[in-house]
Every structure is written in C-alpha cells, then in structure tokens.
Amino acid sequence: MSKRYTIGRDLLIILAASALLALTSTAFAQDRGNPQGDTPLDQQLEAVLLDAGFTGRIESTLESRLGRHVDHQLADLGRLLWFDTLTGLNDDNTCGGCHSPTNGFGDTQSIAIGIENNGVVGPNRTGPRNMRRTPMIINSAFYPRLMWNSRFLSLSGDPFDNGAGLQFPAPEGLSLSSQPHLLTAQAFIPPTERTEVAGFAFPGDNDAIRAEVLNRLNGSPAYRRLFGKSFREVKDGGPITFDMFGQAIAEFEFELTFANAPIDRFARGNRNALSDDEKRGALLFFGAARCVQCHSVAGQSNEMFSDFQDHVIGVPQIAPLITNNTFDGPGMNEDFGREQISGDSADRYKFRTSPLRNIALQPTFMHNGAFTSLDDAVRHHLNVVESALTYSPASQHLAADLSGPQGPIAPVLARLDPILAAPVTLSDMEFAQLMAFVRNGLLDPRARPEILRRLVPRAVPSGNPVLVFEFP
Ligand code: HEC
Ligand code: HEC
C-alpha cells in the first residue's frame, strides 16, 4: 500500500529545502551585505520597519507558540486528507479543489467552484459558483481571525491561544473552544458546507454530516492504518474522531508556513535581500501610499500585513450567472460582508483586510476576484472612486459566467473607509517601485507552484481519483 502514495517523502524534500533556506538566511544575517555599511536608503527602511513593529522573525515563532515541534507524520496524513474527495459527501471535491497548490493553496478562480465541478483545478475549472474567492492557506497559522468577514476568531486575539474561546457563528458558537488552535477548530467546518463539498443529497445537520464523514474514514482500512500511526486509540481499535481529523488538517496547514520573504531577510540584516527599487517601494508601502494603515505588521497582526479588521474599500460587486449560494440585496447580486455576521448595517460591504504575503501567487484579487491584475488591485486603492466607476468585468477578462448583472456601486462608495477617501498620486516610477515590493519583496520562494506541486499525491488512500491540477 505505502508504495501507491508516497507518504512523507515529498514533504521531506520540502523540509530539507526549507532547512537549507533557513541556514543560508542565517548565514546572510551575519553578513550585512554591503562592505561600506548601510546606505541611507537601508537606514531609512530599517527605521521605518522598526517603527512599524516588523522584525522579520515571525516564522521562527511557530513552534514556540505551538509549544512543540510540528509533527511531520501527522501533517502528511493531513496532506492526504487535503487531496482526497472521500470526506466530501458529494464525492467530487475536497480542500485542494479550491485551496490549490498551483496558487499558494488559494483559488484558481475569481469566485470558488465547489460541488458539481469538472474535476479540474486551474483556469479550466467549471461548475456552479459559490459566493467568494478562496483565500490562500499558507501562513494562516498566524491569522487571529479567519474568513472574508472575520467570522471565525480567537477571542484572545492569538490563534495559538484558545484561553478566551474560539468563536464561530451558530450552530457551532463557542463549542469548538477546546480545540488547541483556531485552524484545528476551523477544520470542523468545510466538510459540512453543502455547496463546497457536502452536496444537498445527504439529510441532516452539521453533526450528522460529520458523523457520516467519520463513517467513511473508519470504513477505510488505509485511513485506519494511517490514523493509527499518529493516534494510539485508533491503533488500539478505537474510532477515528473529528478531533483527529481537525488535528491532521491543521498540522498540514502549520507546515505550510512560508514567511521568509525578502522583506524578512532585510529586517534581519541582509541588506541585499531587496533591490533598491523594492526598498523604495517598501518605503512607499509603509509611508506615503498608506498601505500599512490597514495592511499592518505590528502586534496581533503577526507580521501578516493585515490588521485583521474589516473595511469598506469599494470593490466592484460582480455576480455569477449560475450560483448555488444566495447573494444579498434586492437584486440578489450583492455581498454584505461583515453585516451578515454583526447584523449591523454600518458593517455593510466591509471585508477583512487581506494578508499580503505571497500575494504574487494569486491569479485574482479581492473577496470576489473582481480584479485579475495585481497592478489594478493596488491601483484601485490609490483612487477608489475612479477605479470603481470605470470598472468592467470585461476589462479584467473575467470568466464569461461572472458577468451576471453587477451589484450597485453607489451604496458601496457611500460607505468607503475614510482612510481611502482622498486619492494618492504616485508617479509611474513610484508605482512601479511599490509593485516591485508587493510582488517580490513579500514572496517566499518556497511557496512557488513548482515547489508546492510536489505535495500533490499521485494516489490517495481512498483510491478515489485525484483532482487534475493545471500547473503553469
Ligand atoms: C468550494 C471551495 C472550498 C473548499 C472545498 C474548501 N474551502 Fe476553505 N475556503 C473557501 C472560501 C471561499 C473561503 C472564504 C469564505 C468566506 O470568507 O466566506 C475559505 C476559507 C478557508 C479558511 C480561512 C482562510 C482565511 O484566510 O481566513 C481556511 C483555514 C480554510 N478555508 C480551510 C479549508 C479546509 C481545511 C478545507 C477542507 C477540509 C477547505 N477549506 C475546503 C473555499 C473552499
Ligand atoms: C482602508 C484600509 C486599506 C488600505 C489603506 C489599503 N488596503 Fe489593501 N485591502 C484592504 C481590504 C479590506 C482588502 C480586501 C477587500 C475586499 O476583498 O473586499 C484589501 C485588499 C488588497 C489587495 C488584494 C488582496 C487579495 O487577497 O486579493 C491588495 C493587493 C492590497 N489590498 C494592497 C494594498 C496596497 C498596496 C495598499 C497601499 C497602496 C493598500 N492595499 C491599502 C484594506 C486596505
């Protein structure tokens, strides 16, 4: 059996590669990179990063905050589950169908396609649309609030600390609070989502769906053996539980921590990690372009380039022609965002500030993928009103089935966050520098698709067909 899916080997290669990268960057950390010492540009950026609370060392806090080493055997079981449609009761989707290694374990689409898909993960994926774009999973171990409207959160403000409770909307509420990490708790949710993986045929509530998923896992000798390697109770004949499923999934997510980007290496002392243009772009990001006011790096943001708060930034409201979700508003072509959770109309159209690490890996941007060009997504922030009023799905080459009647933009702009109210003017050169920083300065090379593709198993324990990934 173990010949058919290579447990651990690919993961080991990645780990060895990561260790090597870590070694080289420590070596670099000694070497200030510039024989004449820091240039004025270096000194300026160093001061700005210090002031913003950025250390470039967040990745190294993972294991101390977990209070243990990452368990590679358990993570590898999580990896197999990630790619196996067995736990999707509709038999045609799994985490990897939306959180794809082709794109930093994020979406290949503007708006996710869940059940009734064509088995392809990439530009040629088809099927009815859900409501929002799938965020990238890499580095999500550090997110204190999850989802586009922050509806899953650790009340302590720290995803590693469940002490104040882990909050989810009804029916789960605070019932998942004993899970050790916000991601372990989160893993209880996707299998129950009918439009994502569960389908509409199976009767019953979330607990009934979870019980059925466990029936499937416990009915699989291959999974019983794999869970038995990590959980003594299973080895001794006891059942696989949902806690175990959640732990395996979260462990895989912990392993997907790729937060050693050029900006981190610069902050740790390697002055050659960024080009001069990227350094000037970083100064704009942390200064005149005011990005850091929301894409923040201090304190509970865990250096993820997000304040994990919700804001209205005037994103055009695109709508799919065929959807299995229910959109908001009289035309059923709007997304009310945070208001769906708070019930407060002052929160209408608010979405969580996107963490920006590794953003260059995404094919589309914003909660609904309204932009397919990273330049345009950033430019939108510089002059929101102009961008929103001149927007058209055609100009972004959106998929044909995303050209449903657009939701109204006037009520969105009426609620625009005051920080973005006045446009910012950048010269072409400044804009290019800002983009060089956003694109390269935040990208950890270990998250590139040519490396992540090694995580796709050739076969999965259930024997179900593996989804077809369209790598570039
Ligand atoms: C149908 C596509 C789809 C599938 C399948 C899917 N997800 Fe997601 N996932 C999404 C979307 C879309 C969101 C954001 C939803 C929202 O904010 O309303 C999301 C959000 C998340 C987040 C929060 C990320 C963040 O930045 O806050 C995590 C963690 C996550 N999913 C894990 C999983 C796991 C684990 C599985 C499998 C057990 C899974 N997902 C299956 C589409 C999917
Ligand atoms: C007022 C707060 C705020 C400011 C200031 C701000 N952003 Fe954003 N940004 C957001 C929010 C909120 C989102 C997600 C909006 C959505 O999807 O509806 C976002 C989304 C993005 C995205 C798309 C990310 C993704 O996952 O799709 C990029 C890129 C981005 N911002 C870059 C920048 C840059 C660069 C600047 C400075 C020029 C900036 N932002 C300034 C709040 C802000």
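Thresholds applied
Residues numbered from 1 in each chain as written. Chains lettered and ligands numbered in written order. Predicted model: local features only at pLDDT ≥ 70, side-chain atom pairs only at ≥ 80, totals over all residues. Heavy atoms only, no water. Helix = DSSP H or I, 4+ residues; strand = E, 2+ residues; numbered from the N terminus. Rg over C-alpha atoms; globule rule 2.2 N^0.38 Å. Buried < 20%, exposed > 50% of the residue type's maximum accessible area, 1.4 Å probe, protein only. Contact = heavy atoms within 4.5 Å. Areas by Shrake-Rupley, 256 points an atom, 1.4 Å probe, with all protein chains shown as cover. Lys, Arg positive; Asp, Glu negative; His and termini not counted. Charge placed at Lys NZ, Arg CZ, Asp CG, Glu CD. Phe/Tyr/Trp six-rings, centres within 6.5 Å; stacked < 30°, edge-to-face > 60°. Near = heavy atom within 4 Å. Polar contact = N/O pair within 3.5 Å; in protein donor to acceptor, adjacent residues only side chain to side chain. 1 Å grid on protein atoms, 1.4 Å probe; cavity = no way out; pocket = protein on both sides within 12 Å on 5 of 7 lines; lining within 4 Å. Sits in = over half its atoms within 2 Å of the grid points. Nonpolar A, V, L, I, M, F, W, Y, C, P; charged D, E, K, R; others polar. Donors = N, O, S within 2.8 Å, 3.2 Å for Na, K, Ca; no water. Core = buried A, V, L, I, M, F, W, Y, C linked by side-chain atoms within 4.5 Å. Tetrahedral: all angles 85-135°; square planar, octahedral: opposite > 155°, others 65-115°. Expected span 1.5 Å × (residues − 1). Pairing = 2+ DSSP bridges. Domains from an automatic or database assignment. Buried area = accessible area lost by both parts, 1.4 Å probe. Salt bridge = Lys/Arg side-chain N within 4 Å of Asp/Glu carboxyl O.

## Digging into the overall build of the protein
Link 1 in the chain: Along the backbone of the protein there are 19 helices and 7 strands.
Link 2 in the chain: The C-alpha radius of gyration computed for the protein amounts to 22 Å, which stays within 12% of the reference 23 Å derived for 472 residues, consistent with globular compactness.
Link 3 in the chain: A burial count over the protein gives 58% of its 472 residues as buried.
Link 4 in the chain: Counted over contacts in the protein with a minimum sequence separation of 6, partners at least 24 positions apart contribute 68%.
Link 5 in the chain: Here the protein displays about 18900 Å² of accessible surface, and carbon together with sulfur accounts for 55% of that area.
Link 6 in the chain: Taking the average location of the 41 positive side-chain charges in the protein and that of its 52 negative ones, the two points are 5 Å from each other.

## Description of the packing of aromatic side chains
Link 1 in the chain: Within the structure shown, the criterion is met by 21 aromatic pairs.
Link 2 in the chain: Judged by centre distance (5.5 Å) and plane angle (75°), the ring pair of phenylalanine 371 and tyrosine 391 falls under edge-to-face. In this pair, phenylalanine 371 is assigned in the loop between strand 6 (351-352) and helix 15 (374-382) and tyrosine 391 in the loop between helix 16 (384-390) and helix 17 (410-414), connecting sequence segments 20 residues apart. Across this residue pair, the class does not change: phenylalanine 371 and tyrosine 391 are buried.
Link 3 in the chain: Between phenylalanine 469 and phenylalanine 471 the ring centres are 6.4 Å apart and the planes differ by 45°, which places this aromatic pair in the tilted class.
Link 4 in the chain: An aromatic cluster is defined as three or more aromatic residues linked by ring pairs; in this entry it consists of Trp82, Phe83, Phe105, Phe252, Phe469 and Phe471.

## Some details on the site of ligand 2
Link 1 in the chain: What surrounds ligand 2 is a group of 27 residues, the closest being Cys291, Cys294, His295, Met366 and His381.
Link 2 in the chain: Here an oxygen atom of ligand 2 and a side-chain polar atom of glutamine 362 are 3.4 Å apart.
Link 3 in the chain: Among the detected pockets, ligand 2 sits in the largest cavity.
Link 4 in the chain: Contributing elements (two or more residues each) for the shell around ligand 2: strand 6 and helix 15.
Link 5 in the chain: Counting residues per element, the shell around ligand 2 draws most heavily on helix 15, which supplies 4 residues.
Link 6 in the chain: Here the residues of the shell around ligand 2 sort into 16 nonpolar, 7 polar and 4 charged.

## Quick word on the coordination of the iron atom of ligand 1
Link 1 in the chain: Its sole protein donor being His99 (NE2), the iron atom of ligand 1 sits 2.1 Å from that atom.
Link 2 in the chain: For histidine 99, the position within the fold is in the loop between helix 5 (95-98) and strand 1 (120-121).

## Remarks on the nonpolar core
Link 1 in the chain: Core analysis: the largest hydrophobic core is formed by 66 residues, its most contacted members being Leu81, Phe105, Leu217, Tyr223 and Phe227.
Link 2 in the chain: Among the secondary structure elements, those contributing two or more residues to this core are helix 3 (62-66), helix 4 (72-82), helix 6 (182-186), helix 8 (206-218), helix 9 (221-230) and helix 11 (242-255).
Link 3 in the chain: In this structure phenylalanine 227 touches Leu77, Leu81, Leu217, Val234, Ile240, Met244 and Phe245, once residues within four positions along its chain are discounted.
Link 4 in the chain: Residues Phe54, Cys291, Ile318 and Phe365 belong to the second largest nonpolar core, which totals 55 residues.

## Some words on the coordination of the iron atom of ligand 2
Link 1 in the chain: Ligation of the iron atom of ligand 2 by protein atoms is provided by His295 (NE2) and His381 (NE2), these donors lying 2.0 to 2.1 Å from the ion.
Link 2 in the chain: Bound by 6 donor atoms, the iron atom of ligand 2 shows angles of 85 to 180° at the metal and therefore octahedral coordination geometry. Note that histidine 295 is positioned in the loop between helix 13 (276-285) and strand 5 (310-311) and histidine 381 in helix 15, a separation of 86 residues in sequence.
Link 3 in the chain: Assessed through its relative accessible area of 21%, histidine 381 is described here as partly exposed.

## Some words on helix 18 (residues 428-441)
Link 1 in the chain: In this model, helix 18 (14 residues) spans 19 Å end to end at C-alpha, consistent with the 20 Å of a helix rising 1.5 Å per residue.
Link 2 in the chain: Here helix 18 has its buried residues at Phe431, Gln433, Leu434, Met435, Ala436, Phe437, Val438 and Gly441.
Link 3 in the chain: Buried-residue contacts for helix 18 involve helix 12 (262-267), helix 13 and helix 15.

## Examining the sheet that holds strand 3 (residues 152-154)
Strand-to-strand pairing in sheets goes through backbone hydrogen bonds, with the strands running parallel or antiparallel.
Link 1 in the chain: Across the sheet, which stays open at both edges, the 3 strands sit in the order 2-3-4 with antiparallel pairing between neighbours. In the strand order of this sheet, the two ends are held by strand 2 (145-146) and strand 4 (166-167), each with one partner.
Link 2 in the chain: In this sheet, strand 4 lies alongside strand 3 in antiparallel orientation, the contact comprising 2 bridges. Paired with leucine 153 across the two strands is glutamine 167, which belongs to strand 4.

## A short note on the environment of valine 48
Link 1 in the chain: Relative to the helices and strands, valine 48 is located in helix 2 (residues 40-52).
Link 2 in the chain: Between the C-alpha atom of valine 48 and that of proline 191, which follows or precedes it by 143 residues, the distance is 43 Å.
Link 3 in the chain: In contact with valine 48, other than residues within four places in its own chain, are Leu283 and Phe286.

## Details of the domain arrangement of the protein
Link 1 in the chain: Along its sequence, the protein is organised into domain 1 (72-257) and domain 2 (290-425).
Link 2 in the chain: Across the boundary between the two partners, domain 1 contributes 34 residues, which contact 41 residues of domain 2.
Link 3 in the chain: Taken together, both faces of the contact between domain 1 and domain 2 bury some 3100 Å²; the carbon and sulfur share is 53%.
Link 4 in the chain: On the surface where domain 1 and domain 2 come into contact, there are 2 salt bridges.
Link 5 in the chain: One salt bridge in this structure joins arginine 129 and aspartate 401, with 2.9 Å as the shortest N-O distance.
Link 6 in the chain: At the boundary of domain 1 with domain 2, the tally comes to 22 residue pairs in polar contact (both at pLDDT 80 or more).
Link 7 in the chain: Class assignment for the residues of the side of domain 1 that touches domain 2 results in 15 nonpolar, 13 polar and 6 charged.

## Topic: the environment of proline 457
Link 1 in the chain: Note on placement: proline 457 falls in the loop between helix 19 (449-452) and strand 7 (468-469).
Link 2 in the chain: As for proline 457 and tryptophan 82, which are separated by 375 residues in sequence, their C-alpha atoms are 9.8 Å apart.
Link 3 in the chain: Contact partners of proline 457, with chain neighbours within four places excluded, come to Arg79, Leu80, Phe83 and Val466.

## Some thoughts on the site of ligand 1
Link 1 in the chain: As a matter of local geometry, ligand 1 sits amid 26 residues, with Cys95, Cys98, His99, Met147 and Trp148 nearest to it.
Link 2 in the chain: Here tryptophan 148 contributes a backbone N or O atom positioned 2.7 Å from an oxygen atom of ligand 1.
Link 3 in the chain: Secondary structure elements with two or more residues in the shell around ligand 1: helix 5, helix 6, helix 7 (194-198) and helix 11.
Link 4 in the chain: When its residues are assigned to classes, the shell around ligand 1 shows 13 nonpolar, 7 polar and 6 charged.

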